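Here's the letter readout for the chains.
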Amino acid sequence: MFSAEQSCWFVRKVICWRAVASIAWAVLLLPPITAVFVLLSRFSLLHPIQSVSECMSFLTSASAIFSFILLCGVIIMVGFLNLEYYTVIPTIACSKIALLGQLLHPRQFVNSLAHCIMGIIVAWCCAIAIGGRYETIAYPCTPADGADSSHQMCLNEHHFILLLAGAFVGLSHSMLGVIYNMNYVPFLTVQQYKYLRFKGSLPSLVKCSATQALYSVRNYIVVYFFLGYIPKAWICKTLNLHLNSSAHPLDSIAGLLDLNLLYQLWVSAGFLLLTWHVTLLLFRIFVTEVYSFPVQSSFTEDAHQCLPKVITGKQPMILKFLALQDLALLAQHSPLRRSEVFSLSQPGGHPHNWNAISKECLSLLNDLTQRLIAYHDTVATNGRAKALPTGSERKTSSETSSTEDLMSPRPTFLMKTPASVFARSIVGASQSPLTAPFTSPDPDSPFASPALRRLTAPADPCSPWFGAVQSPHVMRRLPKLWSTPTDSQVNGSPPASPASVPSPKQEPSKPSLLAQFLQNRKEQVKHFLAKRVLIMYLFNKLPEASSQALFADSQAHIWALEGLTYLVQASFSEDQFGVVQTALPSILGCMLVLQEAVDRHFKLPHASSKPVRSASSLGDSTHKTLRFALRATLKTAIYRITTTFGSHLSAVQMSAEHRKRLQQFLENKE
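Keep in mind that what you see is a predicted model, and the values were worked out from it rather than measured.

**Q** Looking at this structure, I do not really get the overall build of the protein chain. What am I missing?
**A** Assigned secondary structure in the protein chain consists of 26 helices and 2 strands. Within the protein chain, the fraction of its 670 residues that count as buried is 44%. Within the protein chain, residue pairs in contact and separated by at least 24 positions form 79% of the contacts whose partners lie at least 6 positions apart. Element-wise, carbon and sulfur atoms account for 63% of the exposed surface of the protein chain, whose accessible area totals about 35700 Å².

**Q** Just checking my understanding: could you explain the UniProt feature "transmembrane region" (unreviewed entry) in the protein chain for this structure?
**A** According to UniProt, the "transmembrane region" (unreviewed entry) feature falls on residues 20-45, 57-81, 109-130, 160-180 and 265-287. Secondary structure over residues 160-180 splits into 95% helix and 0% strand, and the C-alpha atoms at its two ends are 30 Å apart. Across residues 265-287, helical content stands at 100% and strand content at 0%; the span's end C-alpha atoms are separated by 33 Å.

**Q** Is there a simple way to explain the state of the cysteines in this structure?
**A** By definition, a disulfide links the sulfur atoms of two cysteines through a covalent bond. Tallied over the full model, the rule gives 1 disulfide. Linked covalently through their sulfurs, Cys141 and Cys154 form a disulfide whose S-S length is 1.7 Å. Taking the sign of the torsion about the S-S bond as the criterion, the disulfide between Cys141 and Cys154, at about 65 degrees, is right-handed. With Cys141 in the loop between strand E1 (138-140) and strand E2 (153-155) and Cys154 in strand E2, the pair connects residues that are 13 residues apart, well separated along the chain.

**Q** Sorry, what's going on with a nonpolar patch on the surface here?
**A** On the surface, Val222, Val223, Phe225, Phe226, Leu227, Tyr229, Ile230, Ile253 and Leu257 cluster together to form a nonpolar patch covering roughly 900 Å² of accessible area. Sorting the residues of the nonpolar patch by element identifies helix H8 (194-227) and helix H9 (229-239) as the ones contributing at least two each. In terms of residue count, the dominant contributor to the nonpolar patch is H8 (5 residues). Mapped onto the elements, Val223 comes out in helix H8.

**Q** Whenever I open this one, the side chain of Thr644 confuses me. Can you help?
**A** On the secondary structure map, Thr644 appears in helix H25 (residues 626-645). At 2.7 Å, the side chain of Thr644 and the backbone oxygen of Arg640 are in polar contact. Ignoring sequence-local partners within four residues, the contact set of Thr644 consists of Gln569 and Phe572.

**Q** Can you help me understand the pattern of salt bridges in this one?
**A** Working definition: two side chains of opposite charge can pair if their charged atoms are close together. On inspection of all chains with the given rule, the structure shows 13 salt bridges. In this structure, the salt-bridge partner of Arg107 is Glu84, at a minimum N-O distance of 4.0 Å. With Arg107 in helix H6 (residues 106-130) and Glu84 in helix H4 (residues 62-85), this pair connects stretches of sequence that are 23 residues apart. Under the relative-accessibility criterion, Arg107 is labelled partly exposed at 39%. A relative accessible area of 40% places Glu84 in the partly exposed class. Between Asp367 and Arg371 there is a salt bridge, and its shortest N-O distance comes to 3.0 Å.

**Q** Would you explain the packing of aromatic side chains in this entry?
**A** The geometry of two aromatic rings is summed up by the distance between their centres and the angle between their planes. According to the stated counting rule, one finds 16 aromatic pairs in the structure shown. Taken together, a centroid distance of 6.2 Å and an interplanar angle of 90 degrees make the contact between Phe66 and Trp124 edge-to-face. Here Phe66 is found in helix H4, whereas its partner Trp124 is found in helix H6, with 58 residues between them in sequence. By relative accessible area, which is 30% here, Trp124 ends up partly exposed. Through pairs of rings, three or more aromatic residues link up here, namely Phe10, Tyr291 and Phe293.

**Q** I tried to follow the nonpolar core on my own but got confused; where do I start?
**A** Most often, soluble globular proteins keep nonpolar side chains buried together rather than apart. Ranked by size, the top nonpolar core spans 74 residues in total, and within it Phe293, Trp354, Leu567, Ile587, Met591 and Ile641 carry the most contacts. The leading source of residues in this core is helix H13 (residues 317-333), at 10 residues. With near-sequence residues (within four places) excluded, Ile587 lies in contact with Trp354, Leu362, Leu564, Val568 and Ile641. Cys55, Val278, Leu282 and Ile285 belong to the second-largest nonpolar core, a separate cluster that totals 57 residues.

**Q** Please clarify how the environment of Phe80 should be interpreted in this entry.
**A** Secondary-structure assignment places Phe80 in helix H4. On a C-alpha basis, the gap between Phe80 and Cys16 in space is 9.8 Å, while along the polypeptide they are 64 residues apart.

**Q** Looking at this structure, how should I read the confidence of the model for the protein chain?
**A** Caution applies to low-pLDDT regions: their predicted coordinates should not be interpreted in detail. Put simply, the protein chain has an average pLDDT of 79, and 77% of its residues get 70 or more. The spread of mean pLDDT over the elements of the protein chain runs between helix H17 (residues 436-439), the lowest at 38, and H6, the highest at 96. Segment residues 383-505: pLDDT under 50, and 137 contacts once partners within four positions in sequence are set aside and those in other chains are kept.

**Q** Explain the packing of helix H2 (residues 9-42) against H6 here, please?
**A** To describe two helices that pack against each other, one gives the angle between their axes and the distance between the axes. Between H2 and H6, the least distance of the axes is 9 Å, while the angle of their chain directions is 55 degrees. Judged on the interaxial angle alone, H6 and H2 are oblique. H6 is crossed by H2, and the crossing has right-handed handedness. Where H2 abuts H6, its residues Phe37, Val38, Ser41 and Arg42 lie against Cys126, Ile128, Ala129 and Ile130. Classifying every residue of the contact of H2 with H6 by side-chain character gives 6 nonpolar, 1 polar and 1 charged.

**Q** Could you clarify how one ought to interpret the packing of H4 against H6 in this entry?
**A** Remark: H4 packs on H6, axes separated minimally by 10 Å, with the N-to-C direction vectors making an angle of 160 degrees. Relative to H6, H4 is oriented roughly antiparallel. Our pair here, H4 against H6, has a crossing hand that is left-handed. Residues Ser63, Phe66, Ser67, Leu70, Leu71, Val74, Met77, Val78, Leu81, Glu84 and Tyr85 of H4 touch H6, and the partners they reach there are Arg107, Val110, Asn111, Ala114, His115, Met118, Ile121, Val122, Trp124, Cys125 and Ile128. Class assignment of the residues belonging to the contact of H4 with H6 gives a composition of 16 nonpolar, 4 polar and 2 charged.

**Q** Even after reading the chapter, I still don't get the environment of Leu99, so can you show me in this structure?
**A** Considering the arrangement of structural elements, one finds Leu99 in helix H5 (residues 96-103). Each C-alpha atom of the pair Leu99 and Leu538 lies 9.3 Å from the other, and the pair is 439 residues apart in sequence. In contact with Leu99, other than residues within four places in its own chain, are Ala93, Val178 and Ile179.

Parameters and conventions
- Residues numbered from 1 in each chain as written.
- Predicted model: local features only at pLDDT ≥ 70, side-chain atom pairs only at ≥ 80, totals over all residues.
- Heavy atoms only, no water.
- Helix = DSSP H or I, 4+ residues; strand = E, 2+ residues; numbered from the N terminus.
- Buried < 20%, exposed > 50% of the residue type's maximum accessible area, 1.4 Å probe, protein only.
- Contact = heavy atoms within 4.5 Å.
- Areas by Shrake-Rupley, 256 points an atom, 1.4 Å probe, with all protein chains shown as cover.
- UniProt positions renumbered as here; feature names shortened; annotations may be inferred.
- Disulfide = S-S within 2.5 Å.
- Patch = residues over 30% accessible without salt bridge, like charges linked within 9 Å, V, L, I, M, F, W, Y side chains within 5 Å.
- Salt bridge = Lys/Arg side-chain N within 4 Å of Asp/Glu carboxyl O.
- Polar contact = N/O pair within 3.5 Å; in protein donor to acceptor, adjacent residues only side chain to side chain.
- Phe/Tyr/Trp six-rings, centres within 6.5 Å; stacked < 30°, edge-to-face > 60°.
- Core = buried A, V, L, I, M, F, W, Y, C linked by side-chain atoms within 4.5 Å.
- pLDDT = per-residue confidence, 0-100.
- Axes fitted to C-alpha atoms, helices over the stretch in contact; angles between N-to-C directions.
- Parallel < 35°, antiparallel > 145°, perpendicular 65-115°, else oblique.
- Left-handed = near helix turned anticlockwise from the far one by under 90°.
- Nonpolar A, V, L, I, M, F, W, Y, C, P; charged D, E, K, R; others polar.

Printed below as a string of structure tokens:
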């Protein structure tokens, strides 16, 4: 594995320069966008020619040039924030309280503050471009008592409300970025040129900016109507300004019904959002551009830049995603680069390239399978009695697993799920005190039923059923697709369980009085909070969020499936050394197990419902439907292998359960 310093070469040499190129194009597009904004803000239907000539004269003035320089600085800052906050794996909040925690995170607070400041700068430039009563923040006014007013200045509330609108739109844009995952960088399924992609996205970009600006102005008007007097009093006190009593205050119904004011607020907010959205769109287009990695290199110092090394790395994730994307394209469209994958090392004659690529792809697929198994196990056992030896005894995981193999009718794969798969959501969820009252009821409790006590009672060594399977139905449920290759034989029957050997019974350790007191208090607090509507609203799981979070990084698995199966398909005629056929049993077994796990997941509630896409936000919603894309890609990948090899797959060694499932694909019944 290469060092961390070598793994950053891609960020320095590729990602940073792509971000710079996107910022440069955003700056080049700023003059025409600014010219359109000036024309819309100054245009008059009664005097069209005069308004156009005024716009042309303003665009060549010194104030316009200074405003343009400030706008360029804002665009550069927005591009830097895009580079700093982007991600290829969206962050999905599974509850309202989790979403609130993301919004109040210190890192997000810095981002919101920066957008507020940039919004004020853009709003000031818009006020200069609009001119007239919006141009300055103060003007000389006459006091109500008629005294000398040579040194008295009054607050220009039209200018002030425009500046506050810029701050409000910047803040709302930053928060909507968290809610709609606008920092998520999606990859297109169909590759396009950068110009065609930008051209195709421009109409929806303008529509999205105008719609979001309209909603932001509506919300801002409501907030300013109720709370506008607070910043107005503060700015007057800070700048020693006065309020003109002869003018209508804008934090009133009469002041806010000014159609020209509402129009200027909407146009300015739309200009602000359009420039920022264009910068974000260009960043997405440039960063997700296909990068071709060399499969092998003649120089050892460049070995860390080759595809087999890059694809096994963990950080940065953009590097791994682009490597998997390149693998999928390589396997589908490049015979020359495929031959390098199938080649043998010299000297030695080992398929190092294929071994590294196939091992990483299978590792990704196995990781997703384990996550699905763990998630289904958590959902299936929630609120259901789990078979435990005693109510208060806490054994090690191996002892508990061996005892449950005797007494529980559930398949053994549920107990063999490693605890590390819960790391994405809950650490050690099976032993957490928060879930124990709902998943593992105490059979020693006076409220436990006699049936539960009989179910969870330890087996009697003198009984003729001790150490034996109690029902023939259990034998039929044991060979499952979830069994690992080390746990099952070729014919699908598992080896004898070591749990049949009786172990000396240990006395259960009684919890201390302090532990019982703390546990009772914890339960009382939980039951008290569960009865509060607001608490339940914040902590209840969102219907589809858990399923979306489970498949948040499935784009990598889709590319792994495509790359692996296209290479297997091409090996039928291109693999001269047979390096792929040796791994065919493990590839088919991994894919069949994953297919079973995905099918079981889609039988859960809310897993098969497709979300509605929001048209008022630039946030990409493809991550919400990744599970559907993965299911279709997985089924297509298995069919790709079966249609290529056909009857030859009968010679591949696999379990009886796998062979039965594969036969469904061979007969086109899936």
